[in-house]
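Structural overview for review
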Amino acid sequence: MKQYLDLFVAFFRSGMLGFGGGPSAIPLVHKEVVGTFKWMNDEEFGDTLALANALPGPINTKMAGYIGYRVAGILGLFTAILSSILPTIALMIILLTSLSAFKDQPWVQGMTKAVVPVVGVMLAVLTWQFFQNGQKGMGWKGNLAMVAVSFVIMEILGIHPGVLIAGLLAWALFGREKKAETEAVEKERKTI
């Protein structure tokens with residue numbers, strides 16, 4: 001029962017504090033899943049995030065569903081998804097009725113403008129953490145090359161990030177297997 005309560009609390013908090021939707025909620029989900037409850041490590045969270053980005057739909061609910069299922073099965077999936085959407089539903093009803101009356105007030109406009117840099121810093125911190133984790137596997141040069149190639153593919157060539165992520169997942173799945181097979185054959189040849 002405790003795991004369901006923990007799932008509810010983790011995704012309710014990230015849903016409640018994730019102002020602006022998915023991108024702002026990702027660092028909060030990371031904090032809950034990796035930092036607070038330790039259901040995943042950074043690498044597993046990065047893999048989950050990459051897969052969630054490649055699929056259609058809101059990222060917070062996709063991640064909640066997967067992590068909830070991983071932690072507590074089908075009931076965990078429903079608990080996590082429900083707790084991630086309840087804050088949005090409640091806040092939409094409450095805030096839209098309240099803020100529509102005050103939308104032209106300077107304090108409301110200032111509040112919405114102040115959130116943007118905070119979300120930017122949160123995403124930058126998460127990006128730096130992923131970059132450091134990538135350095136362990138690929139090194140700094142490999143990491144920088146991956147960033148440069150990804151930038152060219154997405155920004156200059158205009159290819160959707162989901163296509164890039166799918167390609168990288170396929171390369172990780174099939175490229176490593178081929179490399180391991182090649183290394184095994186080479187090792188066998190040397191022993192003969």
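In what follows, the structure referred to is the one given above.
What this report covers is the structure whose coordinates are included nearby. The structure presented is a predicted model; accordingly, all values stated were derived computationally and were not measured. (Residues numbered from 1 in each chain as written. Predicted model: local features only at pLDDT ≥ 70, side-chain atom pairs only at ≥ 80, totals over all residues. Heavy atoms only, no water.)

1. Topic: the environment of Leu5
- Residue placement: Leu5 occurs in helix 1 (residues 2-17).
- A residue is classified by how much of its surface remains accessible, and Leu5, at 53% relative accessible area, is exposed.
- Each C-alpha atom, one on Leu5 and one on Ser83, is 9.9 Å from the other, the two residues being 78 residues apart in sequence. (Helix = DSSP H or I, 4+ residues; strand = E, 2+ residues; numbered from the N terminus. Buried < 20%, exposed > 50% of the residue type's maximum accessible area, 1.4 Å probe, protein only.)

2. Quick word on the pattern of salt bridges
- On inspection of all chains with the given rule, the structure shows three salt bridges.
- Across the salt bridge formed by Asp6 and Lys2, the nearest N and O atoms sit 3.0 Å from each other. Residue Asp6 and its partner Lys2 are located together in helix 1, separated by four residues, close to a single helical turn.
- Residue Lys2 is classed as exposed on the basis of its relative accessible area of 59%.
- Of the charged contacts, one joins Glu44 and Arg70 as a salt bridge, the two residues approaching to 2.9 Å between their closest N and O atoms. One end of the pair, Glu44, is in helix 3 (residues 42-54); the other, Arg70, is in helix 4 (residues 59-102), and 26 residues separate them in sequence.
- A relative accessible area of 37% places Arg70 in the partly exposed class. (Salt bridge = Lys/Arg side-chain N within 4 Å of Asp/Glu carboxyl O.)

3. Describing helix 5 (residues 106-156)
- When the terminal C-alpha atoms of helix 5 are compared, their 38 Å separation across 51 residues is substantially less than the 75 Å that a helix rising 1.5 Å per residue should span.
- The largest bend along helix 5 reaches roughly 110 degrees and is located at Met138.
- All of the buried residues in helix 5 are Val108, Val119, Leu126, Phe131, Gly134, Asn143, Ser150 and Ile153.
- Remark: Gly158 follows helix 5 within two positions and exhibits a positive phi of approximately 75 degrees. (Expected span 1.5 Å × (residues − 1). Bend = angle between axes of the 7 residues up to and from the residue.)

4. Structural notes on the nonpolar core
- With 19 residues, the main nonpolar core has Phe11, Val29, Val33, Phe45, Met63 and Ile67 as its most contacted residues.
- If you tally residues by element for this core, the top one is helix 4, at six residues.
- For Ile67, the residues in contact, after removing those within four places along its chain, are Phe11, Val29, Val33, Trp39 and Met40. (Core = buried A, V, L, I, M, F, W, Y, C linked by side-chain atoms within 4.5 Å. Contact = heavy atoms within 4.5 Å.)

5. Some words on the packing of aromatic side chains
- Considering all chains together, one arrives at six aromatic pairs under this definition.
- Relative to Trp39, the ring of Phe37 lies with its centre 4.7 Å away and its plane at 10 degrees, an arrangement referred to as stacked.
- Every member of this aromatic cluster is reached through a ring pair, and the members are Trp128, Phe131 and Trp140. (Phe/Tyr/Trp six-rings, centres within 6.5 Å; stacked < 30°, edge-to-face > 60°.)

6. Regarding unusual backbone geometry
- At Lys38, a position not held by glycine, the phi torsion is positive, near 55 degrees.
- Position of Lys38 relative to the elements: it lies in the loop between helix 2 (22-36) and helix 3.
- Judged by its relative accessible area of 63%, Lys38 falls in the exposed class.

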